[in-house]
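An overview of the molecular structure
What follows is the residue order along each chain.
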Amino acid sequence: MAGYELIVWSDDLVTGVTEIDEQHRILVNSINEANTRLSNSQVNAEILEKITSDLLSYALYHFETEEELMQKYHYVEAQGEDSARHQKQHREFSATVVAVREGIKMGKLMSREDLLTFLNGWLINHILNTDKKLGAYIVAKRSSQ
Ligand SMILES: [Fe+2]
């Protein structure tokens, strides 16, 4: 499967934390919408700016939700390394999208394939390897309360 095909939601992506899963579905939908939009029209600076701007705002809001949950359930104290790695991945994603946006402003357009390969790959990898760990931790905390 090419890295820039539409993401198909599956149970593998479920973290078990309702608010995180709802936001992940919204993220998947908006990446898929961007994918469809980019395949139906000529890639230009205006479309890329709009897509990356909307995506960055929602991603930042979503990272904040996860990081507030980390604080609330003392993930930082209990799983220091995982928590640090997790938050670092959030920062790196945001920094990459900001860099892509800087590039667009300077006339360096990213292709649909490259943008989608990055977005799809990052999100799926992050959910499977990082968010699911946080999810399992929060589910255990909630069930013991
Ligand atoms: Fe995350």
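Everything below is about the structure printed above this text.
Residues numbered from 1 in each chain as written. Predicted model: local features only at pLDDT ≥ 70, side-chain atom pairs only at ≥ 80, totals over all residues. Heavy atoms only, no water.

Remarks on the packing of helix α2 (residues 45-72) against helix α5 (residues 112-143)
Between α2 and α5, whose axes approach to 12 Å, the crossing angle comes to 15 degrees. On the basis of their axis angle, the class for α2 and α5 is roughly parallel. The two elements α2 and α5 cross, and the hand of that crossing is left-handed. Counting all contacts with α2, which are made through Leu48, Leu55, Phe63, Glu66, Leu69 and Met70, the residues of α5 involved are Leu115, Leu119, Trp122, His126, Asp131, Leu134, Ile138 and Arg142. Of the residues in the contact of α2 with α5, the class split is ten nonpolar, one polar and three charged. (Axes fitted to C-alpha atoms, helices over the stretch in contact; angles between N-to-C directions. Helix = DSSP H or I, 4+ residues; strand = E, 2+ residues; numbered from the N terminus. Parallel < 35°, antiparallel > 145°, perpendicular 65-115°, else oblique. Left-handed = near helix turned anticlockwise from the far one by under 90°. Contact = heavy atoms within 4.5 Å. Nonpolar A, V, L, I, M, F, W, Y, C, P; charged D, E, K, R; others polar.)

Topic: the coordination of the iron ion
Protein ligation of the iron ion involves Glu66 (OE), His86 (NE2), His90 (NE2), His126 (NE2) and Asp131 (OD), the donor distances falling in the range 2.0 to 2.3 Å. Along the chain, the residues donating to the iron ion are arranged with the sequence spacing E-x19-H-x3-H-x35-H-x4-D. With a gap of 24 residues between them, Glu66 in helix α2 and His90 in helix α4 (residues 80-105) connect regions that are remote in the sequence. (Donors = N, O, S within 2.8 Å, 3.2 Å for Na, K, Ca; no water.)

Observations regarding α2
The terminal C-alpha atoms of α2 lie 40 Å apart, and with 28 residues this matches the ideal 40 Å at 1.5 Å per residue to within 8%. Downstream of α2 by a residue or two, His74 has a phi angle that is positive, lying close to 55 degrees. (Expected span 1.5 Å × (residues − 1).)

Remarks on the pattern of salt bridges
Scanning the model with the defined rule gives eight salt bridges in all. A salt bridge links Asp54 to Lys50; the nearest nitrogen and oxygen atoms lie 2.7 Å apart. On the criterion of helical spacing, the pair formed by Asp54 and Lys50 is a turn pair, its members being four residues apart in helix α2. Assessed through its relative accessible area of 40%, Asp54 is described here as partly exposed. A residue is classified by how much of its surface remains accessible, and Lys50, at 43% relative accessible area, is partly exposed. Here Arg85 and Glu81 are joined by a salt bridge, their closest N and O atoms 3.8 Å apart. Separated by four residues within a single helix, Arg85 and Glu81 lie in helix α4, roughly one turn from each other. (Salt bridge = Lys/Arg side-chain N within 4 Å of Asp/Glu carboxyl O. Buried < 20%, exposed > 50% of the residue type's maximum accessible area, 1.4 Å probe, protein only.)

Regarding unusual backbone geometry
One non-glycine residue, His74, lies in the positive phi region at around 55 degrees. A relative accessible area of 46% means that His74 is categorised as partly exposed.

A word on the environment of Ala84
Looking at the secondary structure, you find Ala84 in helix α4. Using a relative accessible area of 47% as the deciding quantity, one classes Ala84 as partly exposed.

Considering the nonpolar core
Ranked by size, the top nonpolar core spans 26 residues in total, and within it Ile31, Leu38, Phe93, Leu119 and Leu123 carry the most contacts. Within the second largest apolar cluster, nine residues are counted, among which are Met70, Tyr73, Tyr137 and Ile138. (Core = buried A, V, L, I, M, F, W, Y, C linked by side-chain atoms within 4.5 Å.)

Quick notes on the packing of aromatic side chains
How two aromatic rings sit relative to each other is set out by the distance from centre to centre and by the angle between their planes. Summed over the entire model, instances satisfying the criterion amount to six aromatic pairs. Taking the centre distance of 5.5 Å and the plane angle of 55 degrees together, the rings of Tyr58 and Tyr61 count as tilted. Remark: Tyr61 and Tyr58 occur in helix α2; sequence separation between them is three residues, near one turn of the helix. With a centroid separation of 5.8 Å and an interplanar angle of 90 degrees, the aromatic rings of Phe63 and Phe93 are classed as edge-to-face. In this pair, Phe63 sits in helix α2 while Phe93 sits in helix α4, placing the two residues 30 residues apart along the sequence. As far as the burial class goes, Phe63 and Phe93 line up, both buried. Here the aromatic cluster, defined as three or more aromatic residues joined through ring pairs, consists of Phe63, Phe93, Phe118 and Trp122. (Phe/Tyr/Trp six-rings, centres within 6.5 Å; stacked < 30°, edge-to-face > 60°.)

Shape is all these values report; function is a separate question.
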